Amino acid sequence: MSERTVVATVEAHRQLEGAGFEVRRPFPSPRLSLVDPFLLLDEMGPVEVEPGQAKGAPDHPHRGFETVTYMISGASEHEDSAGNAGRIGPGAVQWMTAGSGVIHSEMPARELNADGGRMHGFQLWVNLPAAQKMIAPRYQEFAAGQIPKVSDDGLVVRIIAGSFGGVAGPVETHSPVTYLHVSLPSGREIRVDVAEGETAMVYTFAGDGDGTLRIYDTEGDEIVLANSGSEPSEHLVLAGQALREPVARYGPFVMNTSQEIETAISDFQSGRFGAIAR
Ligand code: MN
């Protein structure tokens, strides 16, 4: 095994998203537009929401990529133009392949808005290969209990996609992608295998290094995560095969050419994405 080195360290910036909720966003930013094949990473909260103050992302379109929602605390309710509706509770994952296009809403669960409470989650955007950008939309949804865990004396790895320690996550991806949530007690370290040449990065969201994204060199086949702080630390480990295709993006549309973006906008404006039936 050879250990990868960190080639870039990025501090997440704060900004408002959707109807006005704050996210911590390591990328995209003016300095870092994407980490191929990943297009965006947002951390929503953690925040204690006051009753009546929960904000979400009302009806909006997507085309050409996948949105992955992973909730830590609180719950999100989802509806879309294909008639799907669901709830993403604590520890649950929704891996949405937008493909040719959906209009969806992502809103805090009703009881969170009524009673207030803690909200904490992530959204990752994963690019689709050019040949699959216009495939039919698809959902993969897994409750907390369906996400496999590898535990070792307080150290926990939740495997959403890809594999760790011989245990595979449940998500089917369109290109090789690994998505792990690592909970690391103080003083511990963990070694994570990553395929030679794949993109790899770690976003730390609690403990030492909170709010920092580390991007690794593509040489080497393992990354070492160590918690030298006094508190437990929490990390998302993301790895994937870079697509190395042109990226044309405009808000919720991510295609390969500006012509395809113009088509997406005109399809949306002329109602070809449909609407959420209510
Ligand atoms: Mn969305």
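Look above for the structure.
Scoring rules and cut-offs
Residues numbered from 1 in each chain as written. Predicted model: local features only at pLDDT ≥ 70, side-chain atom pairs only at ≥ 80, totals over all residues. Heavy atoms only, no water. Pairing = 2+ DSSP bridges. Helix = DSSP H or I, 4+ residues; strand = E, 2+ residues; numbered from the N terminus. Axes fitted to C-alpha atoms, helices over the stretch in contact; angles between N-to-C directions. Buried < 20%, exposed > 50% of the residue type's maximum accessible area, 1.4 Å probe, protein only. Salt bridge = Lys/Arg side-chain N within 4 Å of Asp/Glu carboxyl O.

J.: So what exactly am I meant to see when it comes to the sheet that holds strand E1 (residues 6-11) here?
T.: Each strand in a sheet pairs with another by means of backbone hydrogen bonds, the pair being arranged parallel or else antiparallel. As summarised here, the arrangement of the seven strands in space is E1-E20-E19-E22-E17-E14-E13, forming an open sheet in which the pairing is antiparallel. Each having just a single partner strand, E1 and strand E13 (149-152) make up the two edges of the open sheet. Within this sheet the neighbouring strands show an average axis-to-axis angle of 15°, counted without direction. Examined bridge by bridge, strand E14 (residues 155-161) and strand E17 (residues 177-184) share five bridges and lie antiparallel to one another. Across the sheet, the residue bridging to isoleucine 159 is leucine 180, located in E17.

J.: Help me understand the pairing of strand E21 (residues 222-226) in this model?
T.: The two faces of a sheet get side chains in turn, since along a regular strand they alternate between them. The element E21 is extensively covered by neighbouring structure, given that four of its five residues are classed as buried. Bridging between strand E18 (residues 189-193) and E21 involves five bridges; their strand directions are antiparallel. From the neighbouring strand, aspartate 193 faces E21, where its bridge partner is glutamate 222.

J.: Please clarify how the pattern of salt bridges should be interpreted in this entry.
T.: For the coordinates displayed, the defined rule picks out 17 salt bridges. Its salt-bridge partner being arginine 25, residue aspartate 42 comes within 2.6 Å of it at the nearest N-O pair. Taken together, the residues aspartate 42 in strand E4 (residues 38-49) and arginine 25 in strand E3 (residues 21-27) connect sequence positions 17 residues apart. Just as aspartate 42 is buried, arginine 25 falls in that class too. One salt bridge connects glutamate 77 with arginine 87, and the closest N-O pair in it is separated by 3.7 Å. With glutamate 77 in strand E7 (residues 76-80) and arginine 87 in strand E8 (residues 85-88), this pair connects stretches of sequence that are 10 residues apart.

J.: Quick question: what am I supposed to make of unusual backbone geometry here?
T.: Of the consecutive residues aspartate 36 and proline 37, the connecting peptide bond is found in the cis state with omega at 15°. Locating proline 37 in the fold gives a position in the loop between E3 and E4. Across the junction of glycine 45 and proline 46, the peptide omega takes the value 5°, indicating a cis bond. Notably, aspartate 153 is not glycine yet its phi reads approximately 50°, a positive angle. Here aspartate 153 shows up in the loop between E13 and E14.

Interpretation in functional terms is not warranted from these geometric data alone.
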